[in-house]
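Here's the letter readout for the chains.
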Amino acid sequence: MRRRFGFLVLFLVVLSGTAASPASAGRSAAAASAARRAEAERALRSGRYEAALKLAGELARGTPPDAPGTILAARAALGLGRYEEARRRLEAAVDAWPDNLPLRDCLMRLYESTGQRGALTPLIDRSYDDWKNGRVDKTHAVDLMAVATAVRLDNNWKDANDVLRDAVRADPKATEANVDWGFVFLEKHSVANAETSFRDVLKLEPDHPDAHVGLARVLLEQSYDVAAADAELGAALAVNPHHAGALALRAEIALDGEDFAGTAALVAALRKVNPRDPGAARLAAASALLRDDRAGYEQERDGRLAVNATDGDFFAFVAEALDHHRRYDDARGIADEGVRVDPTSARCLLSLGTTLLRLGDEEEGLSALRKAWKRDPYDVRTFNLLNLFDKVIPSQYTSVKTEHLRFRVPIAARVAVQSVVAPFLEETYARYVARYGFTPRGPIVLELYADAAHYGVRTVGLPAIGVAGVCFGRVITSQAPTNHVFNWALVLSHELAHVFAIELSRSRVPRWFTEGLAELETMRARPEWSRHDEVAVWGGLKTGRLPTLINLSTAFTRAQDADDATAAYAHAAAALDFLERRFGFAKIRAALVQYGRGARGADVLETLSGMKADELEAAFRADFFGQTVRYDQQYLPTQTLRRSLPEAQRLVAASPRSAIAHVQLGLAALNHGDEKTAAGALGKASALAGGSAGVIAGSAAGVDEAAAILFLTAELALARRDADRAMAALEALLALPDGRGDGYDVRVRLALSEIHRKNQPRAEAHLRKAIAFDPTRVEAHALLTELLGDMGRPEDKLTEQEATLRLESQSIKVAKQALLANARAGRAGRVIALAATAIFIDPADPEIHAALARALASTGQTAAAARSFEQALLFSPAPTDAADIHRALAGLYTRLGDGTRAAAHNAAVR
């Protein structure tokens with residue numbers, strides 16, 4: 001699951017108001033002072049804080065002190081962590097210029113960052129008084145920003161938002177007001193509005209570092225797009241290599257990926273400039289606890305509280321980091337500590353409340369959330385969670401209990417969960433108990449929601465979430481099985497496996513290990529639940545894009561698109577499959593226990609395997625490549641040439657004379673729907689290779705270049721629905737020497753071209769060739785199913801439908817069609833085999849249960865048939881074939897010697 005990247009690095013904003021000081025000061029400024037001020041501003045913006053402090057300090061001298069110079073000097077001192085010096089400067093200047101709002105703004109931000117709430121109160125009160133009595137120039141953006149700061153620090157978020165809107169409207173070019181506004185939106189989770197603010201700033205100032213950092217946060221909030229966020233952070237650091245916000249956010253990303261060394265390096269970089277940087281303290285504290293270094297945490301905590309004795313955000317950030325790493329009990333302790341330190345911190349209360357909810361303690365969790373709401377009635381996550389628990393759940397959901405499990409389910413799904421879902425998951429639970437040799441603390445709670453937005457809010461506080469299920473240790477959340485959106489049995493079995501890995505490891509199992517283990521459990525349970533994404537792992541390993549096993553968790557946090565995420569899960573699954581086959585499950589279980597004792601990284605894998613980490617990595621890769629040798633014999637450009645768009649752009653910049661690099665850029669652009677860039681890249685690649693795309697195979701270009709250019713030509717032609725041009729390029733690929741242009745990717749595209757050309761027989765031939773190249777990839781089977789249906793060959797279509805289901809059992813439409821077609825044809829064995837898949841997608845379809853019952857009855861499985869007929873009636877008390885079902889049940893119960901039930905069903909027929 002993803003978390004909000006929370007802490008705002010204070011004093012990011014370079015106040016444009018420093019150049020817009022009061023008119024009297026502006027008139028008295030000499031040209032030399034103006035030039036020096038501009039130089040100081042440039043130094044501050046670029047992170048040369050010592051130089052900025054020296055220049056601004058000279059400006060600030062005098063009695064009274066120069067207001068703009070004082071602001072610059074204070075902000076430079078703050079960048080260096082010299083809070084006392086900044087305070088002295090600002091307090092003296094505010095005493096001299098009590099009506100100067102930008103000065104007051106800077107001092108209020110300083111007091112906020114150092115926890116001096118008593119000193120804040122009179123400044124806030126004076127700001128309200130200035131507003132009430134008309135002393136604020138509402139055409140002056142920097143004055144409005146100061147008022148917004150005052151009301152924000154008074155928890156008056158609505159007025160802060162309104163005043164910042166007025167500031168931006170007063171001066172659309174006042175970028176700093178829009179940056180402030182964007183960060184206010186972010187803090188309240190209004191991500192779309194935040195994005196608008198930051199992008200508007202970048203239109204005016206493309207190199208504005210704070211706006212780039214803000215946009216990076218937006219990208220992580222929206223879709224956890226690490227690659228795009230990192231590009232924004234790179235843009236900020238190009239302007240200011242010491243930018244605290246950029247460095248801290250990069251460190252957060254590293255911490256998310258369990259890259260503790262990377263986190264430490266970035267913390268060191270922050271502290272080299274500012275030894276008391278608040279972001280560095282939070283990151284170092286979270287990292288220490290995640291490494292079970294309690295003393296290190298306490299040292300960081302005490303150091304931070306020495307600067308700000310009531311820093312609730314410190315504890316909230318650490319708790320959120322622990323929560324993100326599945327350390328829920330530890331997160332509760334830290335959030336509770338934060339509430340004791342700062343009972344007024346709405347963020348700390350929210351963190352405590354959500355953590356308690358994830359631990360299943362709803363009474364205490366909701367109590368904390370209500371306190372958070374009282375303190376901050378503008379936080380959308382708090383509102384959403386309280387609305388869900390206070391209004392939605394009581395009216396729309398009910399509870400189901402079994403021996404070891406507790407369910408929260410939609411009222412309409414209660415019967416399906418009681419009769420189908422719960423018994424299956426109890427069996428799965430019992431299997432895991434036997435396999436892992438222990439019983440987890442219970443009960444295990446599964447919250448299954450009818451509305452995807454309800455599921456999102458329960459899980460992350462916001463209505464949108466990009467994963468099918470989430471395990472919080474003893475609480476699992478997902479959509480209801482009756483939603484028919486995925487294979488509920490697969491998803492919930494996967495999440496239930498996490499319960500065992502998390503508890504055995506005392507919540508210290510790395511993400512890659514627990515995800516791979518959950519994949520292993522489902523693929524062992526049912527063959528059709530195996531991941532069939534080996535080609536993504538093969539391509540990533542071949543091209544060096546995938547990390548080693550030790551660093552595999554970073555693949556989850558740094559996935560740049562859905563393909564990368566798929567490869568991460570497949571890589572983890574392949575790794576755990578290898579470890580179990582090679583060393584046995586007992587060693588895997590022992591590794592979980594070792595993680596729980598505080599071991600990590602190479603130590604655990606070396607103990608598990610008895611091999612050095614590099615030897616184990618080599619053994620895994622040799623084993624994997626041995627199982628995927630079929631890919632070595634094909635041309636697979638979707639894997640060997642695939643790059644993310646930012647990566648492809650970097651490759652072209654680094655090697656502008658590389659035809660392959662331009663092809664990679666063209667393919668990446670096409671993935672984003674950018675045909676113009678793809679066409680330009682194709683032209684450059686062809687020119688570099690010495691020929692036009694149409695004749696490149698006969699040019700002086702190497703075979704690899706020729707193949708790449710031809711493939712991009714075909715992809716672009718297919719995007720433009722130019723089947724003839726695509727065919728020409730693909731057939732030229734087939735004509736390359738030694739079959740070096742043939743393979744699954746090429747055959748599927750040849751089939752698509754022939755489908756566009758209405759040549760069904762040739763399309764079928766290409767699809768069957770693609771399947772021969774790789775029978776485990778679902779795309780060719782799905783295309784062939786549709787094609788055979790169009791060709792009027794229902795039996796062949798049915799065969800391919802079943803093949804598709806064996807590879808990807810997620811579509812209720814496909815599953816039900818295949819099952820009922822086999823039922824009509826009287827193939828009882830195939831109906832029984834397919835029924836489980838269909839029920840695992842829709843547990844409450846009476847037709848499916850009735851078809852299964854008839855198939856079971858015809859094969860002599862009387863008791864099972866009776867149960868399935870009963871379920872058919874349970875889910876639809878009045879099906880169209882009710883009489884037939886009752887007659888069949890009467891006969892079955894007669895055979896079972898249950899005359900009472902037989903009579904009841906005979907009576908129902910009459």
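Residues numbered from 1 in each chain as written. Predicted model: local features only at pLDDT ≥ 70, side-chain atom pairs only at ≥ 80, totals over all residues. Heavy atoms only, no water.

Draft legend 1. The overall build of the protein, seen in detail. Helix and strand counts for the protein come out as 49 helices and five strands. Relative to the 2.2 N^0.38 estimate, which gives 29 Å for 910 residues, the radius of gyration of the protein is 32 Å and therefore close to what a compact globule would have. Along the first, second and third principal axes, the C-alpha set of the protein runs to 105 × 80 × 55 Å. Residues counted as buried form 58% of the 910 residues belonging to the protein. Long-range pairs, those at least 24 residues apart, make up 62% of the contacts in the protein with a sequence separation of at least 6. (Helix = DSSP H or I, 4+ residues; strand = E, 2+ residues; numbered from the N terminus. Rg over C-alpha atoms; globule rule 2.2 N^0.38 Å. Buried < 20%, exposed > 50% of the residue type's maximum accessible area, 1.4 Å probe, protein only. Contact = heavy atoms within 4.5 Å.)

Draft legend 2. Up close: the sheet that holds strand 5 (residues 475-479). Taken together, the five strands give an open sheet; going across it, the order is 1-2-3-5-4, and neighbouring strands pair in mixed fashion. Strands with a single pairing partner mark the edges of an open sheet, and in this sheet they are strand 1 (397-401) and strand 4 (469-471). Strand-to-strand twist of the sheet, defined as the mean angle between neighbouring strand axes without regard to direction, takes the value 15°. The sheet contact formed by strand 3 (residues 444-449) and strand 5 spans five bridges and is parallel. (Pairing = 2+ DSSP bridges. Axes fitted to C-alpha atoms, helices over the stretch in contact; angles between N-to-C directions.)

Draft legend 3. Examining the pairing of strand 5 more closely. Across the five residues that make up strand 5, a large majority, five, are buried. The side-chain alternation of strand 5 yields two buried faces, one formed by Val-475, Thr-477 and Gln-479 and the other by Ile-476 and Ser-478. Note: strand 4 against strand 5, three bridges, orientation antiparallel. Residue pairing across strands places Cys-471 opposite Ile-476, the latter belonging to strand 5.

Draft legend 4. Fine view of the packing of aromatic side chains. Enumeration over the complete set of coordinates arrives at 26 aromatic pairs. Between Phe-578 and Phe-583, the aromatic rings sit 6.1 Å apart at their centres with planes inclined by 85°, giving edge-to-face as the arrangement. The exposure class of Phe-578 is buried, given its relative accessible area of 1%. Judged by relative accessible area, which is 18%, Phe-583 ranks as buried. An aromatic cluster is defined as three or more aromatic residues linked by ring pairs; in this entry it consists of Tyr-429, Tyr-432, Tyr-436, Phe-438, Phe-500 and Phe-585. Above the face of the Phe-625 ring, Lys-542 is positioned so that its terminal group lies 4.9 Å from the ring centre. (Phe/Tyr/Trp six-rings, centres within 6.5 Å; stacked < 30°, edge-to-face > 60°. Lys NZ or Arg CZ within 6 Å of the ring centre and 35° of its normal.)

Draft legend 5. View of the confidence of the model for the protein. With 95% of its residues at a pLDDT of at least 70, the protein reaches an overall mean of 92. For the protein, per-element mean pLDDT is lowest for helix 1 (residues 23-28), which scores 46, and highest for helix 16 (residues 278-290), which scores 98. Counting interchain partners and residues more than four positions distant, the pLDDT-below-50 stretch residues 1-26 has 87 contacts. Note that residues 692-700 has pLDDT below 50 and, in this model, 20 contacts with residues that lie over four places away or in other chains. (pLDDT = per-residue confidence, 0-100.)

Draft legend 6. Representation of helix 9 (residues 157-170) within the structure. The end-to-end C-alpha distance of helix 9 is 20 Å, a good match for the 20 Å that 14 residues give at a rise of 1.5 Å each. Along helix 9, the residues classified as buried are Trp-157, Ala-160, Asn-161, Val-163, Leu-164, Ala-167 and Val-168. Looking at the packing, one finds that the buried side of helix 9 touches helix 7 (117-132), helix 8 (141-153) and helix 10 (175-187). (Expected span 1.5 Å × (residues − 1).)

Draft legend 7. Representation of the environment of Trp-512. Here Trp-512 is to be found in helix 26 (residues 511-525). Here Trp-512 falls in the buried class, since its relative accessible area comes to 2%. Sequence-wise, Trp-512 and Thr-554 are 42 residues apart; in three dimensions their C-alpha atoms are separated by 8.4 Å. Apart from the residues lying within four places of it in its own chain, the contact partners of Trp-512 are Leu-549, Ile-550, Leu-552, Ser-553, Phe-556, Ala-572, Ala-575, Leu-576, Leu-579, Tyr-595 and Leu-605.

Draft legend 8. Geometry of the nonpolar core. Formed by 125 residues in total, the largest nonpolar core has its most connected members in Phe-407, Trp-512, Phe-513 and Leu-579. The biggest single contributor to this core is helix 25 (residues 488-504), with twelve residues. Here Phe-513 is in contact with Leu-576, Leu-579, Ile-588, Ala-591, Leu-592, Tyr-595 and Leu-608, once residues within four sequence places are set aside. Leu-164, Leu-349, Leu-366 and Leu-388 belong to the second largest nonpolar core, which has 99 residues in total. (Core = buried A, V, L, I, M, F, W, Y, C linked by side-chain atoms within 4.5 Å.)

Draft legend 9. Structural detail: the pattern of salt bridges. Counted under the stated rule, the structure contains 78 salt bridges. With a closest N to O distance of 3.1 Å, Lys-542 and Asp-632 form a salt bridge. Taken together, the residues span a long stretch of sequence, with Lys-542 in helix 27 (residues 534-542) and Asp-632 in helix 33 (residues 629-632) at a distance of 90 residues. Relative accessible area serves as the criterion here: at 44%, Lys-542 is assigned to the partly exposed category. Notably, a salt bridge pairs Arg-740 with Asp-704, separated by 3.3 Å at the nearest N-O pair. (Salt bridge = Lys/Arg side-chain N within 4 Å of Asp/Glu carboxyl O.)

Draft legend 10. Molecular detail of the side chain of Ser-505. Checked against the element boundaries, Ser-505 lands in the loop between helix 25 and helix 26. Using a relative accessible area of 0% as the deciding quantity, one classes Ser-505 as buried.

Draft legend 11. Fine view of the packing of helix 12 (residues 209-223) against helix 14 (residues 244-256). At a minimum axis separation of 9 Å, helix 12 and helix 14 run at an interaxial angle of 20°. Taken together, the axis directions place helix 12 and helix 14 in an arrangement best described as roughly parallel. Note on packing geometry: the crossing formed by helix 12 with helix 14 is left-handed. Here helix 12 contributes Val-213, Ala-216, Arg-217 and Leu-220 to the contact with helix 14, which in turn contributes Gly-245, Ala-246, Leu-249, Glu-252 and Ile-253. The residue makeup of the contact of helix 12 with helix 14, split by class, is six nonpolar, one polar and two charged. (Parallel < 35°, antiparallel > 145°, perpendicular 65-115°, else oblique. Left-handed = near helix turned anticlockwise from the far one by under 90°. Nonpolar A, V, L, I, M, F, W, Y, C, P; charged D, E, K, R; others polar.)

Draft legend 12. Examining the environment of Thr-114 more closely. Here Thr-114 lies in helix 6 (residues 101-114). Residue classification places Thr-114 among the buried positions, given a relative accessible area of 10%. Along the sequence, Thr-114 and Asn-308 sit 194 residues apart, while their C-alpha atoms lie 4.4 Å from each other. Apart from residues no more than four positions distant in its own chain, Thr-114 is found in contact with Tyr-83, Val-307 and Asn-308. A polar contact is formed between the side chain of Thr-114 and the side chain of Gln-116, at a distance of 2.5 Å. (Polar contact = N/O pair within 3.5 Å; in protein donor to acceptor, adjacent residues only side chain to side chain.)

Draft legend 13. Representation of helix 45 (residues 828-839) in the model. End to end, helix 45 covers 16 Å across twelve residues, agreeing with the expected 16 Å (1.5 Å per residue, within 8%). Among the residues making up helix 45, those that are buried are Ala-828, Val-831, Leu-834, Ala-835, Thr-837, Ala-838 and Ile-839. At its buried positions, helix 45 is contacted by helix 23 (414-436), helix 25, helix 43 (794-807), helix 44 (812-824) and helix 46 (846-858).

Draft legend 14. Region of the structure containing the packing of helix 7 against helix 8. Packing of helix 7 against helix 8 leaves a shortest axis separation of 9 Å and a crossing angle of 125°. The angle between helix 7 and helix 8 falls in the class oblique. Once helix 7 is placed against helix 8, the crossing between them reads as left-handed. Two secondary-structure elements touch here, helix 7 through Leu-120, Ile-124, Ser-127, Tyr-128 and Trp-131 and helix 8 through Leu-144, Val-147, Ala-150, Val-151 and Leu-153. Partitioned by chemical class, the residues of the contact of helix 7 with helix 8 number nine nonpolar, one polar and no charged.

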